[in-house]
Amino acid sequence: DHTLRYVDLGCGDGGLLSLIKDEDDVLTHGYDFQPSNADGWVQRGVSAEALNFVEHWEDVLNADVYTLTEVLEHLADPHGMVRKVRDRGAQLVASSPWTEHAGSHDECHAWAWDPDGYCEMIAATGFEVATHTREGMFQIVWAT
């Protein structure tokens, strides 16, 4: 019997964690860059902390699954972040917009990927893309 260890990187106010925190055999924890999200963690009853998980990866809990939803496009080195997850032998769930491009993207996004480029970026780190779907303007990858 194995308890699944799930870590949400860039957990925001804990919304995603709140959906799975009460599942049997799942331990959840989140990290976010923004300390003001702590009020949301308390309101939702989730375990999370403010931490620059990119610079302080050694302080991030080991997990079976890491999520990076709407995070990679903000990072200076998204490839390096995906590689950190891969180096731990964990699975990855990641999402980013697929409709953005050089001429049209959110001003706070450092990166934009079309669907093929997103899969290529994740696969280049050694992951195998198990599923790749689109929901509205977002693409979601599960990689093993």
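In what follows, the structure referred to is the one given above.
Cut-off values and rules
Residues numbered from 1 in each chain as written. Predicted model: local features only at pLDDT ≥ 70, side-chain atom pairs only at ≥ 80, totals over all residues. Heavy atoms only, no water. Buried < 20%, exposed > 50% of the residue type's maximum accessible area, 1.4 Å probe, protein only. Helix = DSSP H or I, 4+ residues; strand = E, 2+ residues; numbered from the N terminus. Contact = heavy atoms within 4.5 Å. Pairing = 2+ DSSP bridges. Right-handed = clockwise from strand over helix to strand, strands pointing away.

1. Structural notes on helix H4 (residues 115-123)
Now for step 1: What H4 keeps buried is the set Pro-115, Gly-117, Tyr-118, Cys-119, Met-121 and Ile-122.
Now for step 2: If you follow the buried residues of H4, they end up packed against helix H3 (78-87), strand S5 (91-97), strand S6 (129-135) and strand S7 (138-143).

2. Some words on the pairing of strand S1 (residues 4-9)
In summary, the side chains of a regular strand alternate between the two faces of the sheet.
Now for step 1: Of the pairings in the sheet, the one linking S1 to strand S2 (residues 26-32) comprises six bridges and is parallel in character. Each residue of the ladder has a partner; that of Arg-5, found in S2, is Leu-27.
Now for step 2: At this point the chain moves from S1, through helix H1 (residues 15-20), to the parallel S2, and the crossover so formed is right-handed.
Now for step 3: With three bridges connecting them, S1 and strand S4 (residues 65-69) associate as parallel partners. Bridged to Tyr-6 within S4 is Val-65.

3. A word on unusual backbone geometry
Now for step 1: The residue Asp-25 is not glycine, and still its phi comes out positive at about 60°.
Now for step 2: With respect to the helices, strands and loops of the structure, Asp-25 is situated in the loop between H1 and S2.
Now for step 3: Residue classification places Asp-25 among the partly exposed positions, given a relative accessible area of 40%.
Now for step 4: A positive phi is found at Glu-70, a non-glycine position, where the angle reads about 55°.
Now for step 5: Tracing the sequence through the fold places Glu-70 in the loop between S4 and H3.
Now for step 6: Accessibility expressed as a relative area gives 27% for Glu-70, which makes it partly exposed.

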